[in-house]
Amino acid sequence: MEQAAGCPAVGGSYPQKNAEILSSQYGINLFLAGLLLTFAWAVHAVGISKSHLLSYLITLMLIQLLWMLWYLCRSCTQRRLIRDKDTHAGARWLKCGITLFAVITLILDSFKIGYYIDFSNCLSPTEGIFPVTHAAHTILQVYFLWCHAKDVIQSFKTLERFGVIHSVFTNLLLWTNGVLTESKHQLNEHKERLITLGFGNITIVLDDHAPQCNCTTTTLCSIFSQGIYYLYPFNIEYHILASTMLYVLWKNIGRKVEHHQQNKTPFKFHGITVGMIFGLIVLTSTIAIVVVYLIQIGGSKIKSELALTMFYLHAIFVLALMCTAGIVALLIYRLEDRSLDNSKNPARKLDAELLVGTAAGSWLLSWGSILAIICAQGHPKYTWYNLPYSVLVIIEKYIQNLFIIESIHREEEKGNDDIKTLRIVTISRGTTLSLTPLYKEIYNGRAARDSGDIPCLFKGSISGRENDGAGVAKEETSQDNSLVTHSASDFSFSSGNSVTNNKRRILKNIAAFLFLCNLSLWIPPAFGCRPEYDNGLEEIVFGFEPWIIVVNLAMPFSIFYRMHSAASLFEVNCKT
């Protein structure tokens, strides 16, 4: 059905290309409709309420649930068939990460259900149906990704394209909804804190979507309403990770996969102690800074300025360390002569594009801060720390992107775990015979067996039979010479191998350090520590509303960049 009868094999891809274009357009329109509905609810458009948005999202999730159930059932009936797998997609550590975020998302859904029960008198029924549907959607989707993220679909390709792309954009809309809800909460808190920094000329109007009725249990309502916003960062990361994994699955539909065994790259703590120690120090200090920042900011003008100064100084120090580590790693790569793997790989290509694309969010904020510092007429003391901070953010992401992209494209070093020296020791008339070709020949893949020569072991055996007397003496002499040659070669190889191992150890420590640093820098913006809001200088230069729009658009990408970088650096550490 996919290829018309009588058409050449080359033309068989034409219907599939059309299906890819049609499904992508379907997904984009699905997303734009939901995006417009979300925007209409955010600006309080006439006739659009939250129940309309939730009804749309519930419908999308139910459709995806039906498709996933159909796919799982069909896979069970065909489980005996040998399926193509993309070994690069759906890594185990990525599945573990998305499972962790999914568990916290389920806790968030339970909080929303409790919140709905307490305010059930004045909330729409959709606000109770949504978390229940979302919980079922989360459980089934995580199971689906664990079992089928590596699939290369070769049957029902047109239908599967629409099902997978529907799932991709459903998760993107759920991500958008989470980002908007969390941003509105952060913006309300920011407006309340602005007055403490002395910006009284900014009109403070809270964008409140709170229910217009009393809670049945005050204590529980407070726990649910406050806890929801601390769990949203994990929900946001869950949906964006799910959408990326589903997108790779969509790109793999109908793809011809090269059948080769991929080397497993397990994570090991051995050899990365230094990087882990420094990274954990940064992580611990960052958590302490965030706690102090959230307590001090908004307390008074002096406390707020001290909190901002403390944040900038800590961030400048961490970013400077990250830049140094990245430069050292790139210098080590320049000293090595290893080719890059340019084979077609949807997962690796998406990783590189996401790194550069999401980095643009924080670059936009940094350039906005730099421009505001240059153009502002008055400069409070703490704003001057914003200048080196913004410059370092730009440089650090530039260096880190180079390091990660080159790392994931570098071919794995062949023979790292192979036996470089092959010796067959036999006892023949009290002598030891060696079967060790030159190391240069082993490295270049030109061992004696490739040229059709008889191995030296068999040569020695034959000559021993033919020349029982003089042959033994010659053999002993050649053996002595061979031992001298091998001793020198062993020394040369071991010294070269030692240098290579030292380089690998340094790179692994750098990757581990940067991994923990990126997790550390993900925490502040994800949990409300956002100096782009509290600084106030940018709002004076650009205007309150324009700058807030820029921050709300760019911040989600900046937050995702840190988590995605951490995931990529974990992979780099495993591969190195």
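It should be noted that the structure appears before, not after, this text.
Residues numbered from 1 in each chain as written. Predicted model: local features only at pLDDT ≥ 70, side-chain atom pairs only at ≥ 80, totals over all residues. Heavy atoms only, no water.

1. Focus on the overall build of the protein chain
Stated precisely, the cut-off is as follows: Where helices and strands are cited, they refer to DSSP runs of H or I of at least four residues and of E of at least two residues respectively, numbered from the N terminus. Between buried and exposed lies partly exposed: a residue is buried under 20% and exposed over 50% of the maximum accessible area for its type, with that area taken using a 1.4 Å probe on protein chains only. Whether two residues are in contact is decided by their heavy atoms, any of which lying within 4.5 Å being enough. For the accessible areas, the method is Shrake-Rupley and the probe is 1.4 Å, while residue cover comes only from the protein chains on display.
Each helix and strand in the protein chain was counted, giving 16 helices and two strands. Per-residue burial over the protein chain gives 47% buried out of 576 residues. Across the protein chain, contacts joining residues at least 24 apart in sequence account for 86% of those joining residues at least 6 apart. Counting every atom, the protein chain has about 29,400 Å² of accessible surface; 65% of that belongs to carbon and sulfur.

2. Observations regarding the packing of aromatic side chains
Definition in use: Within 6.5 Å between ring centres, the rings of Phe, Tyr and Trp (the latter by its six-membered ring) count as paired, and their orientation is classed by plane angle as stacked under 30 degrees, edge-to-face over 60, tilted in between. Criterion for a charge above a ring: Lys NZ or Arg CZ within 6 Å of the ring centre, and within 35 degrees of the ring normal.
Within the structure shown, the criterion is met by 21 aromatic pairs. Here the aromatic rings of Phe234 and Trp522 are separated by 5.7 Å at their centres, their planes lie at 65°, and the arrangement is edge-to-face. Taken together, the residues span a long stretch of sequence, with Phe234 in helix 6 (residues 218-251) and Trp522 in helix 13 (residues 470-526) at a distance of 288 residues. Trp522 carries the same exposure label as Phe234, and that label is buried. With 5.8 Å between their ring centres and 85° between their planes, Trp522 and Phe527 make a pair best called edge-to-face. Among the residues examined, Trp522 registers a relative accessible area of 6% and is labelled buried. The aromatic ring of Trp41 is capped on one face by Lys184, whose charged end is 5.6 Å from the ring centroid.

3. Some details on helix 10 (residues 386-409)
Which entries qualify depends on this criterion: Here a helix's expected span is defined as the number of its residues, less one, multiplied by 1.5 Å.
With 24 residues, helix 10 should reach 34 Å at 1.5 Å per residue; the first-to-last C-alpha distance of 35 Å fits that figure. Counting buried positions along helix 10 gives 17 out of 24 residues, so the element sits mostly inside the fold.

4. Considerations on the nonpolar core
Defined as follows: Buried Ala, Val, Leu, Ile, Met, Phe, Trp, Tyr and Cys residues that are joined via side-chain atoms within 4.5 Å together make up what is termed a nonpolar core.
With 124 residues, the main nonpolar core has Phe144, Phe311, Met322, Tyr389, Phe403 and Leu514 as its most contacted residues. For this core, the element with the most residues is helix 6, which contributes 16 residues. Each residue touching Tyr389, except ones within four places of it in the same chain, is listed here: Phe311, Tyr312, Ala315, Ile316, Leu319 and Glu532.

5. Here's the deal with the pattern of salt bridges
The following threshold applies: The salt bridge criterion pairs a side-chain nitrogen of Lys or Arg with a carboxyl oxygen of Asp or Glu, the two atoms within 4 Å.
As enumerated under the stated definition, the model contains five salt bridges in all. Note that Glu406 and Arg334 form a salt bridge whose closest N and O atoms lie 2.6 Å from each other. Taken together, the positions of Glu406 in helix 10 and Arg334 in helix 8 (residues 301-335) put the pair 72 residues apart, joining distant regions of the chain. The class for Glu406 is buried, based on a relative accessible area of 16%. Residue class for Arg334 comes out exposed when judged on its relative accessible area of 52%.

6. Overview of the side chain of Thr309
Of note, Thr309 is situated in helix 8. For Thr309, the residues in contact, after removing those within four places along its chain, are Tyr382 and Tyr385.

7. So, the packing of helix 10 against helix 16 (residues 544-575)
Using the following cut-off: The convention used is that axes are lines fitted to C-alpha atoms, helices contributing only their stretch in contact, and that angles between N-to-C directions extend from 0 to 180 degrees. Here the word oblique covers every angle except those under 35 degrees (roughly parallel), over 145 (roughly antiparallel) and from 65 to 115 (roughly perpendicular). By convention the crossing between two helices is left-handed if the near helix lies anticlockwise of the far one by an angle smaller than a right angle, and right-handed if it lies clockwise. Under this grouping Gly is polar, as are all residues other than the nonpolar Ala, Val, Leu, Ile, Met, Phe, Trp, Tyr, Cys and Pro and the charged Asp, Glu, Lys and Arg.
Across the interface, helix 10 lies against helix 16 with an axial gap of 10 Å and an inter-helix angle of 40°. Between helix 10 and helix 16, the crossing angle belongs to the class labelled oblique. Handedness of the crossing formed by helix 10 with helix 16: left-handed. Contacts between helix 10 and helix 16 involve Glu396, Lys397, Gln400, Asn401, Phe403, Ile404, Ser407 and Ile408 from the former and Tyr561, Arg562, Ser565, Ser568, Leu569, Val572 and Lys575 from the latter. Split into classes, the residues belonging to the contact of helix 10 with helix 16 amount to six nonpolar, five polar and four charged.

8. Thoughts on empty space enclosed by the protein
Empty pockets left among the atoms are what a rolling probe the size of a water molecule brings to light. Applicable threshold: Of the grid points, spaced at 1 Å and generated over the protein atoms alone, those admitting a 1.4 Å probe that cannot get out make up cavities, while open sets with protein on both sides within 12 Å along at least five of seven lines make up pockets; any residue with an atom within 4 Å of a point is treated as lining. Grid points are joined across faces, edges and corners, and a volume is the space filled by probe spheres set on the points. Segment limits for the domains were obtained from an automatic or database-derived domain assignment.
Going through the model one piece at a time under the given rule, you end up with four cavities of 30 Å³ or more. Lining the largest cavity are 28 residues, with Phe311, Tyr389, Pro525, Glu532 and Ser558 positioned closest to its centre. Listing elements by their share of the lining of the largest cavity, those giving two or more residues are helix 7 (273-296), helix 8, helix 9 (346-375), helix 10, helix 13, helix 14 (531-534) and helix 16. Partitioning the lining of the largest cavity into residue classes produces 15 nonpolar, eight polar and five charged. Considered as a void within the structure, the second largest cavity measures approximately 90 Å³ in volume. Along its surface, the second largest cavity is lined by Val179, Glu182, Ser183, Pro233, Ile236, Ala526, Arg530, Met555, Pro556 and Ile559. Of all the secondary-structure elements, those providing two or more residues to the lining of the second largest cavity are helix 5 (157-194), helix 6 and helix 16. A class-by-class count of the residues in the lining of the second largest cavity yields seven nonpolar, one polar and two charged. The residues that make up the lining of the second largest cavity include at least three from each of domain 1 (15-256) and domain 2 (267-411 + 500-575).

9. Focus on a nonpolar patch on the surface
The test is simple: The patches reported here contain residues having more than 30% relative accessible area and no salt bridge. Joining distances are 9 Å for like charges and 5 Å for nonpolar side chains (Val, Leu, Ile, Met, Phe, Trp, Tyr).
Judged by side-chain polarity, Val274, Ile277, Phe278 and Ile281 come together as a nonpolar surface patch covering roughly 390 Å² of accessible area. On the basis of relative accessibility, which here comes to 45%, the residue Ile277 falls in the partly exposed class.

10. Observations concerning the packing of helix 6 against helix 9
As a packed pair, helix 6 and helix 9 sit with axes 9 Å apart at the nearest point and diverge in direction by 135°. Classed by the angle they form, the pair helix 6 and helix 9 counts as oblique. Helix 6 and helix 9 meet at a crossing whose hand is right-handed. Two secondary-structure elements touch here, helix 6 through Thr244, Tyr247, Val248 and Lys251 and helix 9 through Pro346, Ala347, Leu350 and Leu354.

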